[in-house]
Structure formats: structure tokens, C-alpha cells
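# A closer look at the structure
The residues making up each chain are set out below.
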Amino acid sequence: MKLIDKYIGLSRQGEAVWISEVREAFASEPGTKALKLRLSCLDGTQRDYACPVPDWETEEQRSFLLRYLRARVFNVLSCYSGRALYLGLDMEDGELRALAEDCLAAFYREPGLKQALNIAGRLCRSLGLPAFEMGLEGLDNHGASPAPETGPGEGLETKLRRAVESCRRGAFCGIDVGGTDIKLALALDGRLLAVKEYDWNPAASPVAEGLIRPILLLAELMQARLWAEYLPKDGPERQLLERALEKEAGHELMESAVKACSRAELPMFSGIGLSFPDVVINNRILGGETPKTKGMRENRELDYEKEFTKLSCLGAELRKLCLPGGRVEIVNDGPMAAFSAAAELAWDAKARLGQGGIVAHSLGTDLGTGWIKASGEIPDIPLELYDLLVDLGSEGWRTYPAEDLRSVKNENSGLPGLRRYLGQAAAYRMAWQLKPELLEGFTEEKDGVLGISMSPRDLRKPCLESLMRSAAKGDEAALEVFRRIGRNLAQMTREMEYLLDTGARSRYIFGRFIKEPVCFQLIREGFCQLLPDMELCPADDGLALTPLMEQLAGRRDVTVAQFAQAVSAIYFSAFDRG
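Notes on the structure in this doc start here. Worth saying up front: this structure is predicted, and the values here are computed from it rather than measured.

### Notes on the overall build of the protein chain
- Helices and strands together make up the secondary structure of the protein chain, namely 19 helices and 17 strands.
- Relative to a compact globule of 578 residues, whose C-alpha radius of gyration would be 25 Å, the protein chain shows 24 Å and is just as compact.
- Once the C-alpha set of the protein chain is aligned to its principal axes, its extents read approximately 80 × 55 × 55 Å.
- For the protein chain, buried positions account for 60% of its 578 residues.
- For the protein chain, contacts bridging at least 24 residues in sequence account for 70% of all contacts bridging at least 6.

### With respect to the pairing of strand S7 (residues 191-199)
- Among the nine residues that make up S7, seven are buried, leaving the element largely enclosed by the rest of the structure.
- Pairing of strand S6 (residues 181-188) with S7, which is carried by eight bridges, proceeds in the antiparallel orientation. Among the inter-strand pairings, Lys-183 is bridged to a residue of S7, identified as Glu-197.
- Between S6 and S7, which pair antiparallel one after the other, the connecting turn spans two residues, and Asp-189 there sits at a positive phi close to 50°.

### A word on the packing of helix H4 (residues 94-109) against helix H5 (residues 111-126)
- For the pair H4 and H5, the least separation of the axes is 6 Å and the interaxial angle reads 85°. On the basis of the axis angle, H4 is roughly perpendicular to H5. Across from Ala-106, Phe-107, Tyr-108 and Arg-109 in H4, the residues of H5 making contact are Pro-111, Leu-113, Lys-114 and Leu-117.
- Here the residues of the contact of H4 with H5 are counted per class, giving six nonpolar, no polar and two charged.

### A closer look at the sheet that holds strand S17 (residues 535-538)
- What the four strands build is an open sheet, ordered S13-S12-S16-S17; its pairing is mixed. Each edge of the open sheet carries a strand with a single partner, namely strand S13 (367-372) and S17. Recorded for the sheet is a direction-independent mean angle of 25° between the axes of neighbouring strands.
- Its contacts with the sheet put helix H16 (residues 476-500) on strand S12 (358-363), S13, strand S16 (506-510) and S17, and the angle it makes with S12 is roughly 140°.
- Where helix H17 (residues 517-530) meets the sheet, it contacts S12, S16 and S17, and its direction lies at approximately 165° from that of S17.

### Quick notes on helix H1 (residues 3-12)
- If you check which residues of H1 are buried, you get Ile-4, Tyr-7, Ile-8 and Ser-11. Buried residues of H1, viewed axially, fall in a sector of 100°; they line one side.
- Close packing links the buried residues of H1 with helix H2 (19-28) and helix H3 (59-80).
- Positive backbone phi, at 85°, marks Gly-14, one or two positions downstream of H1.

### Section: the sheet that holds strand S1 (residues 35-40)
- Strand order in the open sheet formed by four strands is S2-S1-S3-S4, with mixed pairing between adjacent strands. Two strands close off the open sheet at either side, each with one partner strand: strand S2 (46-50) and strand S4 (133-138). Taking each pair of neighbouring strands and ignoring which way they run, the sheet shows an average axis angle of 20°.
- Here six bridges tie strand S3 (residues 84-89) to S4, and the two strands are oriented parallel to one another. Within S4, the residue paired with Leu-85 across the bridge is Met-134.
- The sheet contacts of H3 involve S1, S2, S3 and S4, and relative to S1 the element is tilted by about 20°.

### Section: the state of the cysteines
- Evaluation of the coordinates by the stated rule reveals zero disulfides.
- In this structure Cys-51 is a free cysteine whose sulfur lies 8.4 Å from that of Cys-103, the closest cysteine sulfur available.

### A closer look at the pattern of salt bridges
- Under the defined criterion, the tally for this structure stands at 45 salt bridges.
- A salt bridge links Asp-93 to Lys-33, with the shortest nitrogen-to-oxygen separation between them at 3.3 Å. With Asp-93 in the loop between S3 and H4 and Lys-33 in the loop between H2 and S1, the pair connects residues that are 60 residues apart, well separated along the chain. Like Lys-33, Asp-93 is buried.
- As a salt-bridge pair, Glu-298 and Lys-294 come within 3.0 Å of each other at their nearest N and O atoms.
- Residue classification places Glu-298 among the partly exposed residues on the basis of a relative accessible area of 47%.
- We classify Lys-294 as partly exposed; its relative accessible area is 23%.
- Salt bridges sharing common partners tie together Asp-181, Lys-183, Glu-197, Asp-199, Lys-247, Lys-461 and Arg-512.

What counts and what doesn't
- Residues numbered from 1 in each chain as written.
- Predicted model: local features only at pLDDT ≥ 70, side-chain atom pairs only at ≥ 80, totals over all residues.
- Heavy atoms only, no water.
- Helix = DSSP H or I, 4+ residues; strand = E, 2+ residues; numbered from the N terminus.
- Rg over C-alpha atoms; globule rule 2.2 N^0.38 Å.
- Buried < 20%, exposed > 50% of the residue type's maximum accessible area, 1.4 Å probe, protein only.
- Contact = heavy atoms within 4.5 Å.
- Pairing = 2+ DSSP bridges.
- Axes fitted to C-alpha atoms, helices over the stretch in contact; angles between N-to-C directions.
- Parallel < 35°, antiparallel > 145°, perpendicular 65-115°, else oblique.
- Nonpolar A, V, L, I, M, F, W, Y, C, P; charged D, E, K, R; others polar.
- Arc of directions from axis to C-beta.
- Disulfide = S-S within 2.5 Å.
- Salt bridge = Lys/Arg side-chain N within 4 Å of Asp/Glu carboxyl O.

Next comes the structure, spelled out in C-alpha cells:
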């Protein structure tokens, strides 16, 4: 039996077919046809990836190879984006050339794949580069260019410690934007004054203002709380602000609290750090293909490109709340997680940052991934790994629409990406597969589509919390849900290391999934089953080493796992990335 038939058989049975295993098997398979991916990166360097393709005989075999090749291209673009991508092959091989042409054509035809081109187009335009292009070329044109040389420069640990020290004086605000909530932290002269959590559903907004205004209002609320520090604690304005900072406080109460302070000369921030779940390059939000902007993308009454551009002005709006010379630093939530882990470790005199730097993931509504190099550089690449195509199988589960919680297809792309293997959507899907009773009381079915109920109350977070409690109580199916998430994280790590080769042997995990220690231990157990030589570390109280993070750990109302990135965003506003 051909190797390829083995994978087709597994897929028919509903089993996962992991791209890393297929790639390694094809690389050692005799008689394959040579094919390479050559990416021209945004910084002008090139990266080459060998992609040998075995011969095929049937249409079904060809279809699997096409799926494999499209996934390889999509993953490279999701990680790096770039100026151009070419498939190198023997141009005289008609069958292979036709397969490659079909692969590239799919990116212009299929909306999910096209999202990678949309992001590349926006990045090239924003950086003043020629339009992104894809094509075929002969193998003789291939050859990777060397990466640009960099001098030794200042070490990462020195930069991180200086950023933390800088926040001992002045007023700072950290903002961590997520898919279902926004978290903020406020510091004044090294004291953690306040934190705030606000639930939201950005995907429901048909316009950019629906995303921008809540973030600005929350920042203004923190500015008002800064002013209230000098008011009597029992005064009406201070009491109103304290109520507005409660988790249950809604939009109207926050607006009332801010309005009550409108006549005062409010103090300004020395810096604002913002963690935002989208592609961020040079402090600008430029991606536009995440679930957060789903409502805008589907709004046929506006020009999406023009509407999305308004998000790139968010930094300028936040800067109005800062002192002259004050900094607003924006980064993707993945790099913010990596920065957070690195800053805490750098503060510990006993800790040592590895030669590969720090890799971290935020695991909650979705998956955020970040890498900060040992030099302190945060690569200016999308690193949008939550959409990676790692499973080429699971045939039956692909038949459900993307909106159905049983599907392996992401809602935002319609592709079977990592969002349905990691994060809360993955937990729902696997819980239903293993024991549907785990979701009882949280789901609703409309027109044959099964989903988590969103009205009259959004039950996504309560559903995940219920699954975590079931695991903590020892329910075997719930335990297996989190083990599988760990194994899936290992599969993603294999693909990430193949694409980036970070060399980092540890992964730090932030977010809702480590709130319950039992769940994190299960995730680590599953992860180590596949990658026993790597270490999975929780970003919990044990990583609370800097002054502000220690204060966060000392609070009884919130946890480090919840607010670590909001606090780290404060430090990030003072970090020298150069």
C-alpha cells in the first residue's frame, strides 16, 4: 500500500493526519518529485522549504497531495507573510506543474486561503512595498539568501530590567484585548492601583467604532481612576469609579463614571501598552482577517479596507491620553505573552534566558503565539499560528459548517485550522466528541447547526469553566479533553519549530486554560507525550517576580493567569525593541 493511501484511510475513519508526520514521511520516501517553497520575506531576506511530493496514480491521491501542498504554502504565509512566494519545480514535469498551478489558483479562489493573500497585500501596502505576488519557477532559481548580520548589541535581560525599572516612576496603563474580554491594569509610581475586566463580543460589531470605542472608554476610565487617587475614598466620584471598575459594570456605568470626571484636569499617562489579537507591524494593526473583525467583513454596506484602516489609528487616539513624549506601544497578544515571561525571568537573578529566547502562548478564546529573541528583537512577522493547517485528515468532521461546534473548520476562515484544536472552541468540540453531556445546558441548535448559546447570555466562558471544573472533579472525558489539547499543542509546536527554528526548549502558557491547575497538568501531560524533551511552563503565581506582578499575585480578587499580560503591557510601553 502506498504511504499516501495510509493517510487517506486514516482520514476516512475521522482520524487526524498531522502535517508534521506527513512532511517527515515524504522527506524520507524514495522516488519523490523535488519541489521547494521560496519566500521573499518582508525584510528582503529569503527562506526556502523543501517540499518533495510522491508520485500519485488516482484522483483521490492527487486530491490529498493538493491539500498537503496548500497547507504548506498557507502555513508559511501565516507565519511570515512576505513580498512574494514561488514554488520551484521541474517546469518540464507537466503533472507536477499542474498540481502546483492548482495549488496557487486555490489561494485566489477560496476565501479562507485568500485571507493569507489579503494580509500580505495590506502589509506590503503599509510598508511601501510592491504588491505581493505568487508564481512558479524552475528549481535552478532557488537559493536562500543569508540573514542580515547583527552586532552583539545590548542583551535582552538588560533591556527588560530597564523597562521594569522605568515603570517605577509615572502613570502607566496596560491593556490586554481578547476575544471575549478586555483586561486592563493601572500603575502609578510602581503601585498597582487598579485592574478592570470587561466582557465584549467584537465580532458582532459591523463597524470599526464598535472595536475602537470600548478600548478608548476603558483607557479613559483608567485615566479617571488615576485622578480619583487624590480624592476622598468616600466621595461620590471615587465611589462611582470603584463601581465602574467592577467586572459586572457595563458600558453605561463606565461612561457615567468617565463623564463625572470630565470637568477635572485629568492626569496623563507616561505610557500605554496594548496587546491586540491581530497582526501588528510597527505599532499598527494591519491584519484584518481575525474573528474580531468578522462583523465588519460581512457588512456589505461599507468598504472593508477603508473601515479596517481606522483600527490602525488606535495608537494615535490612545496617545492623546499621554504626556508629551509618552509612548503607546502596540503588539500582538502572542509576542506580549513572550515578553511577559521574559520580563519576569530577567528580574530573577537566578534565571537565565535561553539562547533561543522566549516562546510563549496565550491560550484562551484563541491561541496567541509570540517569540522574543535573545537579542531582544521581536520579529516583525504576523506569526498568526492560530489558523495553521496541521490536520490533513478528520474527513467526517470537515462536513459540518464552520459555525457548528462539532466542525474542525475555523469560523473566520472556513479552514480546518488550529482554532478548533487549541483554545475554547477546541474544548467544546472535543467535549462533544467524548461526552456530549459535558455541554448540557450550554448549547443550542438552530437550523441543524449546534453551537454554544449566545443569548440572552453569552455562555462561552461559563461553558469552558464548567469543563474545567469537571476535569478538576475527575470526570474522565473532561480529563481527556485537556490531554488532547496538550497533544495538539505539541503538534503545533512541531510545525512552528519547522517554520521558525527558534531553538527555545521551553514554552510558557498564559490565559484561561491554566487558571485551573489540574487542567494545566493535563495539558502538560499530553504535550510531553509527543515532545518529552521540551518543557511546558505555566505563567502563574510562580512567574510573578517583578514588583507589579508580585502585587498582582497578592490580590485576592483576580489571578496572575488572568491579568499577567495586562500588567506586562505596562512594562512593554517602556521596552526598547530596537
